[in-house]
Amino acid sequence: MNYDVIIIGAGPGGIFSAYELSKKRPDLKISVFEAGNTLEKRKCPIDGEKIKSCISCKTCDIMNGFGGAGAFSDGKYNITNDFGGTLHQYIGPGKALELMHYVDEINMSHGGEGTAMYSTAGTDLKKVCLQHKLTLLDASVRHLGTDINYVVLGQLYNELKEKVDFFFNTMVSRVEKTEEGYRVFYGEESADCKNCIISVGRSGSKWMEKVCGELGIRTKSNRVDIGVRVELPALIFSHITDELYESKIVYCTEKFEDRVRTFCMNPKGIVVNENTNGIITVNGHSFEDEKKKTENTNFALLVAKHFSEPFKDSNGYGESIARLSNMLGGGVIVQRFGDLVRDRRSNQKRIAENTVRPTLAATPGDLSLVLPKRILDGIMEMVYALDKIAPGTANDDTLLYGVEVKFYNMEVELDEHLETVHKGLYIIGDGSGVTHSLSHASASGVYVADRICGRL
Ligand SMILES: Cc1cc2nc3c(=O)[nH]c(=O)nc-3n(C[C@H](O)[C@H](O)[C@H](O)COP(=O)(O)OP(=O)(O)OC[C@H]3O[C@@H](n4cnc5c(N)ncnc54)[C@H](O)[C@@H]3O)c2cc1C
């Protein structure tokens, strides 16, 4: 099996590489190897009745398969260089934004038309935030919603499958350099290519580290974000979410001058479990479909933790904290804010009597037994700061789910073309450590595809 280009991973990075390559150079032989399933076969076994919590499937259908980690996400495409990755540092801020807009156009022409685009440009909220020591970051956000995101992915797949060879349930075990290019090993077999694009996302982070080690590609890693997911009545945040949908608000804590930020806001959405390498953490979704909307809004509050020498395993640190919550709660822990400030655990009775109804069946518990004091203090300070721009945020009945961890892949050493020290071997998307979002990962895919087309 000989290909011009082999793409490893069918998340947004891989999909947009395949899309751009097949559009610009229909003559090229392209294949995509994906560890997970086709889109329609991806199904998490948790049904809320027979299976209530994560059973740690061999391949997690939430994280793996066509569409990658983003397939069942809220489909928020943030068009900005302010967050979501550092792609602009490699390819330039203008190019990065241009490609994010291009990705948006493709999404619109594949089922996304009619979905809302929000923007922070000209909002009064910026001033209100600043008056309370909060900073609102600039962005435009296209909100596809989980349902339309799925439609867009379906249309992209139907188009791509005619032009590209897809290998699903096919985990690539190794990548070897050959005289002509690269050899990709899977099971007992292998395939050769001139150019190889690796886009294995967060779920492929450990594998990526191994490949970089074997191929002598340098990496560094020093960051993890740890926090909780907040759930409260949608009304409390409606003046913000109605105007901006998603707002990234940053706060610098009084005590430690740590940065706490809001992340992944889901107006009228639900809180969900997330399984990363067998560890259960929390996340959130929301839907475009009116019938699926809830009365609650949820968002994460994350504290960025940077480490310096000699400690290198920032993700291991985050994993240990998440494991602690799994050990105490069997999964995700939920606590009322009122219980947290009174130094007591939440129990079934208090959660049952709470005015905010939890949208995730998590174990009532005590987050102060899980989160390091410095992180918990930062989160509590941020809740009180947000209470000034959205009164009611610090109500006793506000729910906090823990823990939410944002793991960062180690940063791979790449040049301005996202190419490794080996010519023709590109590493893109979240797996490269350069991106952490749908729009940046997708844009990185288009970028390397254009580069390869130019070269071939
Ligand atoms: C629940 C959830 C909600 C999210 N919501 C948003 C959001 O609203 N907005 C936003 O911007 N971002 C969101 N994100 C993040 C976003 O999904 C990721 O940033 C994005 O998917 C990264 O794309 P990627 O292509 O780099 O990697 P991924 O999407 O992770 O795809 C990588 C693919 O590679 C495959 N793979 C891994 N290793 C191998 C291997 N060895 N061989 C073959 N295949 C392999 C995996 O199975 C996977 O399908 C969310 C993430 C989650 C989990």
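Residues numbered from 1 in each chain as written. Predicted model: local features only at pLDDT ≥ 70, side-chain atom pairs only at ≥ 80, totals over all residues.

Once that is clear, we can look at the nonpolar core. In this structure, Ile6 and Val184 are the most contacted members of the largest nonpolar core, which totals 127 residues. For this core, the leading source of residues is helix α12 (residues 438-455), giving eight residues. If we ignore the near neighbours within four places in the chain, the residues touching Val184 are Ile6, Ile8, Phe33, Val172, Val175, Ser190, Ala191, Cys193 and Cys196. (Core = buried A, V, L, I, M, F, W, Y, C linked by C-beta atoms within 7 Å. Buried ≥ 20, exposed ≤ 12 C-beta atoms within 10 Å, placed from the backbone. Helix = DSSP H or I, 4+ residues; strand = E, 2+ residues; numbered from the N terminus. Contact = placed C-beta atoms within 7 Å.)

For the bond running from Glu309 to Pro310, omega is 10°, close enough to zero to count as cis. In this structure, Pro310 sits in the loop between β17 (296-306) and α8 (314-329). For the bond from Gly402 to Val403, the omega torsion is 5°, close enough to zero to count as cis. With respect to the helices and strands, Val403 occurs in strand β20 (residues 399-407). Of note in this structure, Glu257 is not a glycine but carries a positive phi near 55°. Residue classification places Glu257 among the exposed positions, given that 8 C-beta atoms sit within 10 Å. Its identity as a non-glycine residue notwithstanding, Cys264 has a phi of 50°, on the positive side. Checked against the element boundaries, Cys264 lands in strand β14 (residues 259-266). Classification of Cys264 as buried rests on a count of 22 C-beta atoms within 10 Å.

What the three strands build is an open sheet, ordered β3-β6-β4; its pairing is antiparallel. Each edge of the sheet is formed by a strand with only one pairing partner; in this case those strands are β3 (76-79) and β4 (116-119). The sheet shows a mean angle of 20° between the axes of neighbouring strands, direction not considered. Bridging between β4 and strand β6 (residues 140-143) involves four bridges; their strand directions are antiparallel. Within β6, the residue paired with Ser119 across the bridge is Ser140. Sheet strands in contact with helix α3 (residues 93-112) are β3 and β6, and its direction is about 150° off that of β3. (Pairing = 2+ DSSP bridges. Axes fitted to C-alpha atoms, helices over the stretch in contact; angles between N-to-C directions.)

The subject of this paragraph is the sheet that holds β17. Read from one edge to the other, the open sheet built from eight strands follows the order β5-β13-β14-β17-β12-β20-β18-β19, with strand pairing classed as mixed. Here the strands that pair on one side only, and so sit at the sheet edges, are β5 (134-136) and β19 (363-364). Strand direction decides the pairing type here: strand β18 (residues 333-336) and β20, joined by four bridges, are antiparallel. What sits directly across from Val334, in β20, is Tyr401.

Here the focus is α12. Between its first and last C-alpha atoms α12 spans 26 Å; for 18 residues at 1.5 Å apiece the expected length is 26 Å, and the two agree. Of all 18 residues in α12, 13 are buried; the element is thus mostly enclosed. (Expected span 1.5 Å × (residues − 1).)

Residues Ile249 and Tyr251 line the buried face of strand β13 (residues 249-252), whereas the alternating positions Val250 and Cys252 sit on a face that is not buried. Bridging between β13 and β14 involves three bridges; their strand directions are antiparallel. Residue Val250 lies in a different strand from β14, and its bridge partner there is Arg261. Between β13 and β14, which pair antiparallel and follow one another directly, the connecting turn spans six residues, one of which, Glu257, has a positive phi of 55°.

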